[in-house]
Structure formats: C-alpha cells, structure tokens
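Tertiary structure, described
Chain residues, written in single-letter form:
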Amino acid sequence: MTNSTFSVVRLLVRRSLAQHAVATGITILSVALASGLLLSVFAIQSQAYSAFTGGPIGFDAILGARGSQLQLVLNCIFHLETSPGNLPWKLFRSIKDDPRVSLAIPYAVGDNYFGFRIVGTTDELFTRFEYQAGSKFRTREGGHFFDSSRKEAVIGSFVAQQTGLREGSKFSPYHGVIFDEKMLHEEQYVVTGVLEPTNSPADRVIWIPIEGIFRMGGHVLRGSGDEFKAEAGVEIPDEHKEVSAVMLKLKSPQSGFSLDRLINRQGKEATLAWPIGRVMAELFQKIGWVNRVLELVAYLVVVVAAASILASVYNTLRERRREFAILRALGARRRVIFSVIVFEATAIAAAGSLLGVIVYAGILSIASSIVRAETGVVLNVFQYHPVLLFGPLGMTALGALAGLLPAWSAYRTDVSENLVPHS
C-alpha cells in the first residue's frame, strides 16, 4: 500500500468514526470493559497466587494442634480462621530447643478489637524475626515495642488506619476472634507503637505480650489437662500454660523433612504445617475451577465485544455503499475499500484496548482494597504481567478479524447498482 493510498484510507476511517461517533463510542466502551475484565482476571489470579504462596510471610513452618495444616496457616499467617486447638507449653519449649529450629515464636489467640485479631506473643517477634530477608518489624517514629511485663500493645499500620489508634491510645480487647460488643474485657492496653507498613497480614494484627492472653479475664488455661485461672501478682507455672501455635524458622530444608516425618507421620499430638507455600498452593489447586470459570467468562465477554465491533461496522455499510461506489468510479481499487473497513474495525479495537488498561487499573484498585481489608495482602496495580501486553494486542487483532466479514461485503460492492440515486 503506497503512502498516498494509506493517507486516503486513514482519511476515510477518521471521517467514518467521526460521522458515527455515538455508535463508535459505545463500541469502544464495550471493548474497553471486555479488555479490562480480561486483564483483571489474569492479573488478580497471578498476584493472589504469588502473594498467598510466597508473600512476605517470614516463617518456614507452623506447629499447632492436631488437625488441618491449611487451618493452621489461615489462622496463624492470614488470621482468617479459628484455632484448631492449643498446645501445652512443654511442646513449645521442646521445639524451641530442637537443634533443627533456629527460631520458635509462640502465638496465643482468642481476642479481637473491632474484628482485628489480637495475638499474644514474645518480644522475639520484633527483635529476631525477619518477615523478609533483611527486614524486621519497625515502629513509626516516636513508638517502641511493648514491654512484656506490662499491658502494652503494638498495632499494624492497617489497624491504625481503620481504628484511629495511635501511640498512647488506650483500648480494651473483646473476647473471641469475631467482634461482639457484649464481649468487652475489663483489661485496658496502651499502644506503644504502630508498625510501619509491611504489605503483609501483619498490618491487620494487634500484638500484645503472651502473658496478657494468659491473664485476660475469662480465659482458662488447660496446659496440664486441668483448668487453671491466673491470679494477679501470682506467677503462672509453665505446666498450665498453652499456646495456639508455634511459628518456626528452620535451619535447613532437611530440618523440615525430618520434623514433618517426626510430627505428622509418627506423632499424634501435634501437626506441622510445612512448607507454608505448599499448603497454600494446594488450596489454590482445590479452587482452581473457580479461576477457570472466571477465565471462561472473560473470554466470552471478549467474544461479545468482537461481535459488537462486527455489528457496528456492518450496520454502517448500507449508508456507505454509495460512497464506496463513487470511490470505485473515481478509480479506487477494491483493496482500498477492503482496507478502509478492516482499519476501521482495528482502530475501534485498539482504542478500546487502550481504554481497557484504565478499566483494568480501576478494577484492580478496587479488588486490592478489598483483599487488603480482608487479608492484609496487597495487590500491585502496576505489577507487570504478560497479559498486560498480549491482552491489548490480542484484542486489537480480534477486532481486525471481526472487520473481515463487513470488509468482504464492501469489497463486493456493485458500482453500477449503487451509483443509481435512491428516490
């Protein structure tokens, strides 16, 4: 195609799109919605999988009561489940002293503050634990970590954002992991620090000394098998203490294999969730059919958008046949007429695809805020995924294909028949 011919085609396409601006705009919008949905489905699917199976977790394994490994991970890492049970303190001491374990941090749960999980733990979570290689929890300027001997608390950044709590604020916990305003505890805690954002589930947690969970009003310890209630000013014997889980950093992958065999296959008292990424990957495999359904819906929407391009261009042919006949009479070749229609369909698809990226950003922003509020996991709108490149290109190519049928119809326009004026 020569430059002059291409200029004619471009002029005719621009003129047609402007002449049918309303129909063109609606078609572009439908393509944008379809393209944005397609991009969102694949991007959210990919990012969610990566975040839940390999995000900033920091721990290698979780030791908990006998039961489901998935329940342990959801409860202790993502704070979405209830505890399957408790472990006696002696098991915590035993695993902490195991030569295969480099760090063991106890968790005790059972309370909340307006739905945000309260986790009792030790100060090693802040002094020794790294939620990412080289990254430890840090408080905002002016804050500090709690004193294990006092009723103090450290809160995640999202908790601070949603509740208004800050350094120096006082609050009382509510019993249970589900908020019930009737279950208010009498104990009052002082916020000593707000953690800097980690983009992990830790941003949705309130951390207090584990001793505070043991001594919380209404709590009963059963570490020895018998019920024990802590008394103010009286030390709690280790035999009565219990924990919801023990978070572990292992010295090597071989340590994980060894402990898995010892605890899960030979033992009957506890469960080791290891490796955490594999446990979550199995969950995604079980619900993989949901992703396939969403993908199918997205593909169908794209097909509908391509059909709308075909219908939009085809509906303009009747009023343009005389125009094409005149062009043919003036010397325009059939391939020029064919090219005009194909380029017009391609232009509509390309414009819709570009606008679809904006739709994608809007969908992912909304999805990200929902996922963060519910799990603490953060989705990145600007994270690259191959679909962000190949999606718009594929949508544009599909639009060009949709233009072939009306282009062929225009190609076959009869000059003599369509030059006759209609009365």
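Scroll up for the structure.
Owing to the predicted nature of the structure, the values given are computational and were not obtained by experimental measurement. (Residues numbered from 1 in each chain as written. Predicted model: local features only at pLDDT ≥ 70, side-chain atom pairs only at ≥ 80, totals over all residues. Heavy atoms only, no water.)

1. Side note on the overall build of the protein
Across its full length, the protein carries 15 helices and 12 strands. The C-alpha radius of gyration of the protein comes to 31 Å, more than 25% above the 22 Å expected for a compact globule of 423 residues. Dimensions of the protein along its principal axes, counting C-alpha atoms only, are 105 × 45 × 35 Å. By the burial criterion, 47% of the 423 residues in the protein qualify as buried. Look at the contacts in the protein between residues 6 or more apart in sequence, and 75% of them connect residues 24 or more apart. In the form shown here, the protein has an accessible surface area of approximately 21,000 Å², with 57% of it arising from carbon and sulfur atoms. Where the 41 positive side-chain charges of the protein centre and where its 36 negative ones centre are 14 Å apart. (Helix = DSSP H or I, 4+ residues; strand = E, 2+ residues; numbered from the N terminus. Rg over C-alpha atoms; globule rule 2.2 N^0.38 Å. Buried < 20%, exposed > 50% of the residue type's maximum accessible area, 1.4 Å probe, protein only. Contact = heavy atoms within 4.5 Å. Areas by Shrake-Rupley, 256 points an atom, 1.4 Å probe, with all protein chains shown as cover. Lys, Arg positive; Asp, Glu negative; His and termini not counted. Charge placed at Lys NZ, Arg CZ, Asp CG, Glu CD.)

2. As for the packing of helix H2 (residues 21-54) against helix H9 (residues 276-286)
Two elements in contact, H2 and H9, have axes whose closest approach is 7 Å; the angle formed by their N-to-C orientations is 145°. Packed against H2, whose contacting residues are Ala48, Tyr49, Phe52 and Thr53, the element H9 presents Gly277, Met280, Ala281 and Phe284 at the interface. When grouped by side-chain class, the residues that make up the contact of H2 with H9 number six nonpolar, two polar and no charged. (Axes fitted to C-alpha atoms, helices over the stretch in contact; angles between N-to-C directions. Nonpolar A, V, L, I, M, F, W, Y, C, P; charged D, E, K, R; others polar.)

3. As for the pattern of salt bridges
Going through the model one piece at a time under the given rule, you end up with 12 salt bridges. A salt bridge links Arg278 to Glu282, with the shortest nitrogen-to-oxygen separation between them at 2.7 Å. In this pair, Arg278 and Glu282 are both assigned in helix H9, four residues apart and thus about one turn of the helix distant. On the basis of relative accessible area, Arg278 is assigned to the partly exposed category, the value being 33%. (Salt bridge = Lys/Arg side-chain N within 4 Å of Asp/Glu carboxyl O.)

4. Considerations on a nonpolar patch on the surface
A cluster of nonpolar side chains, namely Ile287, Trp289, Val290, Val293, Leu294 and Val297, defines an oily patch on the protein surface of about 510 Å² accessible area. Residue placement: Val290 occurs in helix H10 (residues 288-315). With relative accessibility at 32%, the residue Val290 sits in the partly exposed group. (Patch = residues over 30% accessible without salt bridge, like charges linked within 9 Å, V, L, I, M, F, W, Y side chains within 5 Å.)

5. Notes on the pairing of strand S4 (residues 116-121)
By the criterion of burial, S4 is predominantly enclosed, with six of the six residues buried. Residues of S4 alternate between two faces, with Phe116, Ile118 and Gly120 on one and Arg117, Val119 and Thr121 on the opposite face, all of them buried. With five bridges connecting them, strand S3 (residues 101-113) and S4 associate as antiparallel partners. Paired with Asp111 across the strands is Ile118, a residue of S4. (Pairing = 2+ DSSP bridges.)

6. As for the environment of Val191
Relative to the helices and strands, Val191 is located in strand S8 (residues 189-194). Linking Val191 and Phe145, residues 46 residues apart in sequence, is a C-alpha distance of 9.1 Å. Apart from the residues within four sequence positions on either side, Val191 is in contact with Ala153, Ile155, Leu165, Arg166, Glu167, Gly168, Ser169 and Phe171.

7. A closer look at the packing of aromatic side chains
Taken as a whole and judged by the stated rule, the model has 24 aromatic pairs. Taking 5.8 Å as the distance between ring centres and 45° as the angle between the ring planes, the aromatic pair formed by Phe129 and Phe137 counts as tilted. Its relative accessible area of 5% is what places Phe137 among the buried residues. In this structure, Lys241 packs its charged tip against the face of Trp89, placed 5.1 Å from the ring centre. (Phe/Tyr/Trp six-rings, centres within 6.5 Å; stacked < 30°, edge-to-face > 60°. Lys NZ or Arg CZ within 6 Å of the ring centre and 35° of its normal.)

8. A word on the environment of Asn112
Position of Asn112 relative to the elements: it lies in strand S3. Setting aside chain neighbours within four positions, we find Asn112 in contact with Ile118, Pro173, Tyr174, His175, Gly176, Val177, Ile178 and Phe179. At 3.4 Å, the side chain of Asn112 forms a polar contact with the backbone nitrogen of Phe114. (Polar contact = N/O pair within 3.5 Å; in protein donor to acceptor, adjacent residues only side chain to side chain.)

9. What about helix H12 (residues 334-375)?
Under the 1.5 Å per step criterion, the end-to-end length of H12 is 59 Å for 42 residues, consistent within 8% with the ideal 62 Å. Two residues or fewer after H12 comes Gly376, characterised by a positive phi angle close to 90°. (Expected span 1.5 Å × (residues − 1).)

10. Regarding the nonpolar core
Counting 41 residues, the largest nonpolar core has Leu63, Phe171, Ile206 and Leu248 as its most contacted members. When near neighbours in sequence (up to four residues on either side) are disregarded, Phe171 contacts Tyr113, Ile118, Ala153, Leu165, Glu187, Gln188, Tyr189, Val191 and Ile206. (Core = buried A, V, L, I, M, F, W, Y, C linked by side-chain atoms within 4.5 Å.)

11. What about helix H8 (residues 253-266)?
For H8, spanning 14 residues, the distance from its first C-alpha to its last is 19 Å, which sits close to the expected 20 Å at 1.5 Å a residue. At Asp260, H8 shows its largest bend, some 25°. Among the residues making up H8, those that are buried are Ser255, Gly256, Ser258, Leu259, Asp260, Ile263 and Asn264. Buried residues belonging to H8 abut strand S1 (61-65), helix H3 (69-76), helix H4 (89-96), S3, strand S11 (245-250) and strand S12 (270-273). (Bend = angle between axes of the 7 residues up to and from the residue.)

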